[in-house]
Amino acid sequence: MARRSGHSEEELPFVALMDTMTNVVGVLIIVLVMVGINLARSVNKVLSDLPPVSIEEYEKLKKEFDASVPKEDPKKVEEESKKLEQELKKTTETLQTLDVTKDKQNVKLVDLEDLQKQIEQRKKERDEKKTSVEAMLAEVDKLKLRLDTTPVYAPPPATIVKLPNPRPMPEGAEISRFLVMGGRVLFLNEEQFSDLVEAELKRNESALAISKETVKGPDGKPVMVKDKSGRSSPQRKIVFDPKKLAAHFARVRLGSREVKVDVTPSATSPRIPMKLVPVQNAGETIEQARALISVFQTQLKRMKTNPKAVVWFHVYKDSIETYLAARDIADQMGLPVGWDLYGNPFYTRSLPAEYTVPFTAAAPKPGATAVTIAPPKTTLD
């Protein structure tokens, strides 16, 4: 009996523990029941506060929800986000290193516009040069063609020219002048034509002259001059009206078959010029002049008898060879010869000093000193 009583005393705390646990479990169950009731009430309250939803609205909301759900793998999206962040970081660093201000950007834009203009200008110049080069190439082709078709140049036979031998003009020389032009030699016979003009002036002196006077020397006496025949007579000075003089000689024809005489007063000198103008084909060719009975050789033979005679050639630029051939003929006859290059295809000489026209020389500038250069002496060659 004692053992059994002792065993009952040992089991008593376990029963108490079981009672305590049962009480706790019961309390928990009651709490859970209360929470469930409160949750049900809250759900009912939320549901009662929600507006009614139709089937169409529900389908629409469902589609929006499904669209908002990411379709990509979150890990993949995260990796791409990291890559984008790294690229953004690099781009930011690059922009920071540029350090370009607004003013600098404007300058660059202006430079770019200027560069564009320069490019357009260079293109224009290139097109112009291209056109020029093409024209030059075409001209080169033409020149090559002409060069290929040009015959070989054969030089003319050599011309023998004698070296000049200047000699003084003989005292009292009587010069006979020849005009060499157009490949022809023309005897001018200026003295004869001068006599014709003087005779015409004397016949019309009263109608053409403005004034007449006798030239007197320092002693007050008339100055005496000798004419061609050696007779002495008082020197006169006759002033003619230039307009009447020119009109008169325009009506009167003086000259010969080969030479026309023109008398037209000059506005730059009181002396009256006489111009001898050859007509077409006047004179003799060098072949004609070589004939013994030619006018050229006939005149040279007459001059040969006069020890004071001098042959003078006025050579126009187109007849140098003709002059050389005529010069050989004169040299063979032993006549003294002189020549000059003549700038006009006609010959001009002034009438004697007693025949003049009104002329007033320009007054020299104050302080200016007139410089007179003596003409070169006439020499033989």
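Residues numbered from 1 in each chain as written. Predicted model: local features only at pLDDT ≥ 70, side-chain atom pairs only at ≥ 80, totals over all residues. Heavy atoms only, no water.

**Details of the sheet that holds strand β4 (residues 209–214)**
Read from one edge to the other, the open sheet built from three strands follows the order β4-β7-β15, with strand pairing classed as mixed. Each edge of the open sheet carries a strand with a single partner, namely β4 and β15 (355–356). (Pairing = 2+ DSSP bridges. Helix = DSSP H or I, 4+ residues; strand = E, 2+ residues; numbered from the N terminus.)

**Re the pattern of salt bridges**
Under the definition given, this model contains eight salt bridges. The shortest N-O distance in the salt bridge between D127 and R126 comes to 3.3 Å. Among the residues examined, D127 registers a relative accessible area of 40% and is labelled partly exposed. The partner of K212 in a salt bridge is E205, and the shortest N-O contact between them spans 3.1 Å. A relative accessible area of 9% means that E205 is categorised as buried. Each of R177, E190, E191 and R349 takes part in salt bridges that share partners, so that together they form one network. (Salt bridge = Lys/Arg side-chain N within 4 Å of Asp/Glu carboxyl O. Buried < 20%, exposed > 50% of the residue type's maximum accessible area, 1.4 Å probe, protein only.)

**Overview of the packing of aromatic side chains**
Tallied over the full model, the rule gives eight aromatic pairs. On the basis of an interplanar angle of 35° and a centroid distance of 5.8 Å, the ring pair of F178 and F313 is categorised as tilted. With a gap of 135 residues between them, F178 in strand β2 (residues 174–181) and F313 in strand β12 (residues 309–316) connect regions that are remote in the sequence. Take F178 and F313: they sit in the same class, and that class is buried. Measuring from ring centre to ring centre gives 6.1 Å for F240 and Y355, while their planes differ by 40°; the resulting arrangement is tilted. With F240 in strand β7 (residues 236–240) and Y355 in strand β15, the pair connects residues that are 115 residues apart, well separated along the chain. Among the residues examined, Y355 registers a relative accessible area of 1% and is labelled buried. These aromatic residues form a ring-pair network of at least three members: F178, F187, F296, F313, Y323 and W339. (Phe/Tyr/Trp six-rings, centres within 6.5 Å; stacked < 30°, edge-to-face > 60°.)

**Observations concerning the environment of A362**
Considering the arrangement of structural elements, one finds A362 in the loop between β15 and β16 (379–380). Classification of A362 by relative accessible area gives exposed; the value is 74%. With 94 residues separating them in the primary sequence, A362 and T268 have C-alpha atoms 9.9 Å apart.

**Some words on the environment of Q235**
Tracing the chain through its elements places Q235 in the loop between β6 (232–234) and β7. Taking relative accessible area as the criterion, Q235 reaches 24% and is therefore assigned partly exposed. Between the alpha carbons of Q235 and E354 there is a distance of 7.3 Å; along the sequence they are 119 residues apart. What Q235 contacts, discounting residues up to four positions off in sequence, is E213, T214, V215, V223 and V225. (Contact = heavy atoms within 4.5 Å.)

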